[in-house]
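# Survey of secondary and tertiary structure
If you want the building blocks of each chain, they are given just below.
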Amino acid sequence: MDLLSLETPVPVVDLDIVEANLARMQRYCDAHGIALRPHIKTHKIPALAQRQLALGARGITCQKLGEAEVMVEAGLDDILLSYPLLGAAKAARLAALAPRAKLRVAIDSAPALATVAEAARASGAEIGILVEFDSGTARTGVMTVEELLALARAARATPGLRFDGVMTYPLGPKAAAFLAEALPALKAEGMEPAIISGGGTPRAFHAHEAAPINELRVGTYIYNDRMTVAAGHATWADCALHLHVTVISRPEPHRAIIDAGSKSFAADIMPAGLQEGYGYFPDYPEAKLERLSEEHGMVDLSACARRPEIGERLRVVPNHVCPVSNLVDRIAVVQGGVFQGYWDVAARGRSI
Ligand SMILES: Cc1ncc(COP(=O)(O)O)c(C=O)c1O
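Quick caveat, the model's predicted, so the values are computed rather than measured.

## Section: the packing of aromatic side chains
Summed over all chains, the structure comprises 4 aromatic pairs. Measuring from centroid to centroid gives 5.4 Å for F339 and Y342, while their planes differ by 70°, and the two rings are edge-to-face. Residue classification places F339 among the buried positions, given a relative accessible area of 14%. Judged by relative accessible area, Y342 falls into the partly exposed class, the value being 27%. Residue placement shows R330 over the ring face of Y342; its charged tip is 3.5 Å from the ring centre.

## Describing the layout of surface pockets
The calculated volume of the largest pocket comes to roughly 550 Å³. What lines the largest pocket is a set of 33 residues, among which Y169, P170, G200, T201 and P202 lie closest to the centre. Listed by contribution, the elements that provide at least two residues to the lining of the largest pocket are β9 (215-217) and α9 (226-230). By residue class, the composition of the lining of the largest pocket is 12 nonpolar, 14 polar and 7 charged. A domain-level breakdown of the lining of the largest pocket finds at least three residues from each of domain 1 (3-9 + 231-344) and domain 2 (32-222).

## Looking at the site of the ligand
In the vicinity of the ligand, 13 residues are found, and the nearest of them are Q63, R139, T201, G219 and T220. In this structure, an oxygen atom belonging to the ligand sits 2.5 Å away from a side-chain N or O atom of T201. Contacts to the ligand include T220, whose side-chain N or O atom sits 2.5 Å from an oxygen atom. About the coverage of the ligand: the protein hides 94% of its 390 Å² of free accessible area. Comparing atom positions with the cavity grids shows the ligand to sit within the largest pocket. The residue inventory of the shell around the ligand, partitioned by class, reads 3 nonpolar, 7 polar and 3 charged.

## Examining the environment of L3
Note that L3 resides in the segment before β1 (10-14). Taking relative accessible area as the criterion, L3 reaches 25% and is therefore assigned partly exposed. Taking the C-alpha atoms as reference, L3 lies 52 Å from T144; in sequence the two are 141 residues apart. Among residues more than four places away in sequence, those in contact with L3 are V12, H244, R313 and V334.

## Details of the environment of I196
Mapped onto the elements of the fold, I196 is located in strand β8 (residues 195-199). For I196, a relative accessible area of 9% puts it in the buried group. In this structure, the C-alpha to C-alpha distance between I196 and D225, residues 29 residues apart in sequence, is 27 Å.

## Here's the deal with the pattern of salt bridges
Considering all chains together, one arrives at 19 salt bridges under this definition. Measuring nitrogen to oxygen at the nearest pair gives 3.2 Å for the salt bridge that ties R100 to E73. Here R100 is found in the loop between α4 (88-97) and β5 (102-107), whereas its partner E73 is found in helix α3 (residues 65-73), with 27 residues between them in sequence. Given a relative accessible area of 43%, R100 falls into the partly exposed group. Since its relative accessible area comes to 58%, E73 is described here as exposed. Where R121 meets E118, a salt bridge forms, and the shortest distance between an N and an O atom there is 2.9 Å. Pair noted here: R121 and E118 are both in helix α5 (residues 110-123), with a separation of 3 residues, about one helical turn. Put simply, R37, R58, D78, R104, E126, R162, D164 and E215 are held in one network by salt bridges that share partners.

## Observations concerning the sheet that holds β8
Pairing is parallel across the open sheet formed by 8 strands, whose spatial order is β2-β9-β8-β7-β6-β5-β4-β3. The open sheet is flanked by β2 (35-36) and β3 (60-62), the only strands paired with a single partner. Looking at chain direction, β3 and strand β4 (residues 78-81) are connected through 3 bridges and run parallel. Each bridged residue has a counterpart across the sheet, and for T61 the counterpart in β4 is L80.

Here is what the cut-offs are and how they apply
Residues numbered from 1 in each chain as written. Predicted model: local features only at pLDDT ≥ 70, side-chain atom pairs only at ≥ 80, totals over all residues. Heavy atoms only, no water. Phe/Tyr/Trp six-rings, centres within 6.5 Å; stacked < 30°, edge-to-face > 60°. Buried < 20%, exposed > 50% of the residue type's maximum accessible area, 1.4 Å probe, protein only. Lys NZ or Arg CZ within 6 Å of the ring centre and 35° of its normal. 1 Å grid on protein atoms, 1.4 Å probe; cavity = no way out; pocket = protein on both sides within 12 Å on 5 of 7 lines; lining within 4 Å. Points joined across faces, edges and corners; volume = space filled by probe spheres on them. Helix = DSSP H or I, 4+ residues; strand = E, 2+ residues; numbered from the N terminus. Nonpolar A, V, L, I, M, F, W, Y, C, P; charged D, E, K, R; others polar. Domains from an automatic or database assignment. Near = heavy atom within 4 Å. Polar contact = N/O pair within 3.5 Å; in protein donor to acceptor, adjacent residues only side chain to side chain. Areas by Shrake-Rupley, 256 points an atom, 1.4 Å probe, with all protein chains shown as cover. Sits in = over half its atoms within 2 Å of the grid points. Contact = heavy atoms within 4.5 Å. Salt bridge = Lys/Arg side-chain N within 4 Å of Asp/Glu carboxyl O. Pairing = 2+ DSSP bridges.

The structure is reproduced here in structure tokens:
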């Protein structure tokens, strides 16, 4: 089967580019003495997680328990859950995983700590705690060193828990200042963190300059996307996943309609000031994917000297690649330019 006979829309992943992206990040981490703990949210495929480990990663990061369950089932056994878990149902699922893998969980509150403590109690297995701090993103994460210290002390004092360190996402502008205050304070109480974990692909190659981290959680680097290219992290040639689509209609000379809409592309638009639209067409750089309905993508060709015909297949680099993986049951894989088969996106859709 050749690539042109694959039904569209379909995400096509080039394993040669994947391999180069993985190797480059591992080399960066090795050169700076930083452990790499890739986030599987981008690919959601156990075989790719295994490849990341084979190249030298310390373990993996999962966002949702459901993702971790898929990965543990596939044999991955060193997992950071970088997301606060709350309540009895989550505690029970975490307890079921705990004897099967070395687990760490990021928390930023006493109730989240209590959930992990309950899982440790129920399973009899020790679970590591990372306290998440906000470094300028205003998402999860404690805002003050006092809160961090209180949670670290609570982790240390709770049977079944182990205080392992601190984490933040992304590695924001306030990380260095926060750590400059937090690290001596933790040390003064005998709680020097074994792990100082930062994350985010766009600035990954500057992580060693940003703050004294010793672990890097990156996800998007495996495929790259329009945002990581815009951030200067990657080039178009480093984009491993293209959505292959077909032009299904050309109602007007300046308009093409493709067979992929919001069922295939994430709604993420580019940050203000960067390019418009929902994706980049490498073969038609001036084309603009300006609107999505569920199954249609509306492409403005006004700026294109050359324009695609009905039936023509186009490649699109999505703005943000992680949600694209989440929208499909399988991806097509190529190596050496040859179609290798379809791979299941085993951990897709695991929103709980
Ligand atoms: C907690 C956490 N760590 C790491 C990452 C990886 O970020 P990136 O995909 O930019 O590498 C994410 C992405 O959402 C995240 O939420």
